[in-house]
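Each chain, letter by letter, is given below.
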Amino acid sequence: TGTYVYASNNGSQREWQRQQCLSAYRVDAELGRLSEVPGSPFDTPSFVGIIEAHPSGRFLYATAGPFFLAYRIGDDGRLVSLPVPTESVELPAGAYVRSLSVTADGRFLHAVQDSGWVITFRIDTDSGELTFVGETRGSQGYGAAHFHRRYPLAVLLGRETMALHPFRVDADSGLLIQAAAATPLAAGLIPHSEGATLFVDASGEILCVVV
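Summarised in this report is the structure supplied together with it. (Residues numbered from 1 in each chain as written. Predicted model: local features only at pLDDT ≥ 70, side-chain atom pairs only at ≥ 80, totals over all residues. Heavy atoms only, no water.)

We now examine the sheet that holds strand β5 (residues 48-53). Across a sheet, paired strands are connected by hydrogen bonds in the backbone, their directions being either parallel or antiparallel. Read across the sheet, four strands follow the order β5-β6-β7-β8 without closing on themselves; strand pairing throughout is antiparallel. With partners counted over all chains shown, the strands left at the sheet margins are β5 and β8 (79-81), one partner each. For this sheet, the mean angle separating the axes of adjacent strands, direction not counted, is 30°. Note that β5 and strand β6 (residues 59-64) share four bridges and pair antiparallel. By the bridge assignment for β6, V48 is matched with A64. (Pairing = 2+ DSSP bridges. Helix = DSSP H or I, 4+ residues; strand = E, 2+ residues; numbered from the N terminus. Axes fitted to C-alpha atoms, helices over the stretch in contact; angles between N-to-C directions.)

In structure tokens:
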């Protein structure tokens, strides 16, 4: 909605002066100034990696180490914690989430890991709570992902093969289903240690890759 800004603070657990938390600010629509909302910053159990807002502007989701966090955004911008998924998700050792994305219809949340797993959660569009659906396990680790904002489509970048893997999002389960054969990028490209970036231009028809 353009009303609030949320930022992650990845302070060390050993330094009490530097919290691991989420900060929330109200945006002055005329001047762009930021003012902290009541209760900010909000503590998190571990450092926050990625933040993703629900299309409705009512909920916020984040990764915090091995946790998936969910919040309801109050009328004043305050974050109210929602229950974490009760189903256990056994993440591969050392796995790191490279992308966190809510589908355009607001029904599913996808977490793409560099290990090659894509974890899918169903979103209760009334409460914002997450329910674990399942995993899509790819043969290649993923360095980046992009979920289309208008269509139930996703493109994942294989870290080892440096190829683009197209998927469609199943309308009922939210799980990813391979849509076509992978498309290799130019020969000789080497994946960056910190991952890559995929994004689609304003037309929604051109995919740009930054490696």
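Moving on, we get to the nonpolar core. Formed by 16 residues in total, the largest nonpolar core has its most connected members in Y61, F68, L100, L109, F121 and L130. Residue assignment for this core shows that the elements contributing at least two residues are β6, β7 (67-73), β9 (97-102), β10 (108-113), β11 (117-123) and β12 (130-137). With near-sequence residues (within four places) excluded, L130 lies in contact with Y61, A70, P85, L109, F121, R122 and I123. If you look at the next biggest cluster of nonpolar residues, it comprises 14 residues, including Y6, L60, A62 and Y71. (Core = buried A, V, L, I, M, F, W, Y, C linked by side-chain atoms within 4.5 Å. Buried < 20%, exposed > 50% of the residue type's maximum accessible area, 1.4 Å probe, protein only. Contact = heavy atoms within 4.5 Å.)

Counting buried residues along β11, six of its seven residues qualify, which places the element largely inside the surrounding structure. Pairing of β10 with β11, which is carried by five bridges, proceeds in the antiparallel orientation. Of the residues in β11, the one forming a bridge with H110 is T120. In this structure, the hairpin formed by β10 and β11 is closed by a connection of three residues, where G116 is found at a positive phi of approximately 105°. In this structure, β11 lies alongside β12, joined through seven bridges in antiparallel fashion. By the bridge assignment for β12, I123 is matched with L130. Counting the residues in the hairpin turn of β11 and β12 gives six residues, including G128, whose phi is positive at 85°.

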